[in-house]
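One-letter residues, chain by chain:
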Amino acid sequence: EDGIRDRSPSRGLGDVYKRQLQLGSNSSAALSASSIEALLAVAIPGDPKTIVSEIVNRNSDIRNLLETGVFVEIYIPALQAKELALGLGSHTVKLDPNRQVIVTLAVKSIVRSAWLLDWYGDLGNRPLIQEAYSVFSAAVSDLQAAYQIP
């Protein structure tokens, strides 16, 4: 327990920020709302293949954090990937109908599993993190297949 993320159920970054405010401004661990936004800020590329490549990079980051046991930082690449995945929405119309369905379902899975990765990272629960990561990673693979990215 680091005083920032405790064992109580999280509602996402809002709870983290509220708990940090309770620590007071004297705490070196306290983050401002703007610094949290800066951590999560991600530019959405204009090309869908570049977006998917960026999501693949975030997937690698999550895998590395999971392997090293740094659960409290998983939320950063997970929520960045969520934003990137949502950025694919306007690009799906250019795909054939079968790929549109694959991408739409993959985006939904990434969004849901990103929030779960954030929550389970708060809890420090490795089995639940691994379960959410399995869904996340499968959805990333589906995006790679839909956009033919190795």
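As the structure is a computational prediction, the values presented were derived from the model and not from experiment.

Participant: Kindly report on the packing of aromatic side chains, identifying the contributing residues and their values.
Facilitator: Evaluated as defined, the whole model comprises 2 aromatic pairs. Aromatic pair Trp 119 and Tyr 120: ring centres 5.4 Å apart, planes at 25°, arrangement stacked. Aromatic side chains Tyr 133 and Phe 136 sit 6.5 Å apart centroid to centroid with 20° between the ring planes, which places their arrangement in the stacked category. Of this pair, Tyr 133 and Phe 136 both sit in helix α6 (residues 126-146), separated by 3 residues, roughly a single helical turn. For Tyr 133, a relative accessible area of 9% corresponds to the buried category. Residue Phe 136 is classed as buried on the basis of its relative accessible area of 0%.

Participant: Give me the lowdown on the environment of Val 42, citing residues and values where you can.
Facilitator: Examined against the element boundaries, Val 42 turns out to sit in the loop between α2 (33-40) and α3 (48-68). Sequence-wise, Val 42 and Glu 83 are 41 residues apart; in three dimensions their C-alpha atoms are separated by 7.5 Å. The residues touching Val 42, leaving out its near neighbours within four places in the chain, are Arg 58, Gln 80, Glu 83 and Leu 84.

Participant: Let's hear about the confidence of the model for the chain: which residues, and what values?
Facilitator: Averaged over the chain, the pLDDT score is 83; the fraction of residues at 70 or greater is 78%. For residues 1-11, every residue scores under 50 in pLDDT, and the model assigns this stretch 26 contacts once sequence neighbours within four places are set aside. Here residues 17-28 scores under 50 on pLDDT; set against residues more than four positions off or in separate chains, the count is 17 contacts.

Conventions used here
Residues numbered from 1 in each chain as written. Predicted model: local features only at pLDDT ≥ 70, side-chain atom pairs only at ≥ 80, totals over all residues. Heavy atoms only, no water. Phe/Tyr/Trp six-rings, centres within 6.5 Å; stacked < 30°, edge-to-face > 60°. Helix = DSSP H or I, 4+ residues; strand = E, 2+ residues; numbered from the N terminus. Buried < 20%, exposed > 50% of the residue type's maximum accessible area, 1.4 Å probe, protein only. Contact = heavy atoms within 4.5 Å. pLDDT = per-residue confidence, 0-100.

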